[in-house]
Amino acid sequence: MQKKAALLVIDLQNDFCPGGALAVPGGDEIAPLINSLARYFDDVVLTQDWHPADHTSFAANHPGKAAFDTIQLPYGPQVLWPAHCVMGTLGAALVPGLDIPHAGLILRKGSHSSIDSYSGFLEADRATPTGLAGYLRERSITQLYICGLAFDFCVRWTAEDAVQAGFEVWVVEDACRAIDLQGSSAKARAAMQNAGSS
């Protein structure tokens, strides 16, 4: 593997695995594969959803609304989710099967109460950066391999933003799992290909 490549592991957390608050089918199956992949990379970044309890994306914080309803926020449409990955909870923890001790960064996102966050690069308002692009550029990283949860949301947004930020991007689909909400998996695949990721 070229030294200028990094592996991004997206949101491999308990709440996104079976039994969690926002479970992705088969989300618990990919940790062993990701552990194996990580051995080929000197640079590995883990992202972690890290929400306050009053987060605007939680349906419970909008009286009369249910999970998977959509509301309008200042930055656009927002899907409402079950409360998940609340700061400091077991659900927010990285899955116990993840074993990448040489990961250089755990990037926590979604900690602003009023803004959701899917991408590892930009919050959902498309204006607030996470700092990930700068971190990678400081290490002369030019190529990114992306895996994790969920393929059709956080992996997709991260891949698209990575291309926009000027990185060469490959999504390791075997090391991802999707929610597949109303065909979102196929839409995500097409969108990432159109954006320029492989």
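Higher on the page you've got the structure.
Residues numbered from 1 in each chain as written. Predicted model: local features only at pLDDT ≥ 70, side-chain atom pairs only at ≥ 80, totals over all residues. Heavy atoms only, no water.

Caption draft 1: Highlighting the packing of aromatic side chains. One pass over the structure, following the stated rule, counts 8 aromatic pairs. Considering the side-chain rings of Trp81 and Tyr118, the 6.5 Å spacing of their centres and the 85° angle between planes classify their relative orientation as edge-to-face. In this pair, Trp81 is assigned in the loop between strand S4 (76-79) and strand S5 (105-109) and Tyr118 in the loop between S5 and helix H2 (132-138), connecting sequence segments 37 residues apart. Comparing Trp81 with Tyr118, the two get one shared label, buried. Relative to Phe167, the ring of Phe121 has its centre 6.0 Å away and its plane inclined at 40°; by these criteria the two rings are tilted. Within this pair, whereas Phe121 is found in the loop between S5 and H2, its partner Phe167 is found in the loop between helix H3 (151-164) and strand S7 (168-177), the two being separated by 46 residues in sequence. When sorted by exposure, Phe121 lands in the same class as Phe167, which is buried. Three or more aromatic residues joined by ring pairs make a cluster, and in this case those are Phe68, Trp81, Tyr118, Phe153 and Trp157. One Lys or Arg, Arg108, reaches over the ring of Trp50 and ends 3.5 Å from the middle of that ring. (Phe/Tyr/Trp six-rings, centres within 6.5 Å; stacked < 30°, edge-to-face > 60°. Helix = DSSP H or I, 4+ residues; strand = E, 2+ residues; numbered from the N terminus. Buried < 20%, exposed > 50% of the residue type's maximum accessible area, 1.4 Å probe, protein only. Lys NZ or Arg CZ within 6 Å of the ring centre and 35° of its normal.)

Caption draft 2: How the structure looks around the sheet that holds strand S1 (residues 5-10). If you walk across this open sheet you meet the 5 strands as S5-S2-S1-S6-S7, and the pairing is parallel. Where the open sheet ends on each side, the last strands, each with one partner, are S5 and S7. Sheet twist, expressed as the average angle between the axes of neighbouring strands with direction ignored, equals 20°. As judged from the 6 bridges shared by strand S6 (residues 143-149) and S7, these two strands associate in the parallel manner. Looking at S7, one finds that Tyr145 is bridged to Trp170. Those strands touched by H3 are S1, S5, S6 and S7, and its axis lies near 165° from that of S6. (Pairing = 2+ DSSP bridges. Axes fitted to C-alpha atoms, helices over the stretch in contact; angles between N-to-C directions. Contact = heavy atoms within 4.5 Å.)

The values are spatial; any link to function lies outside them.
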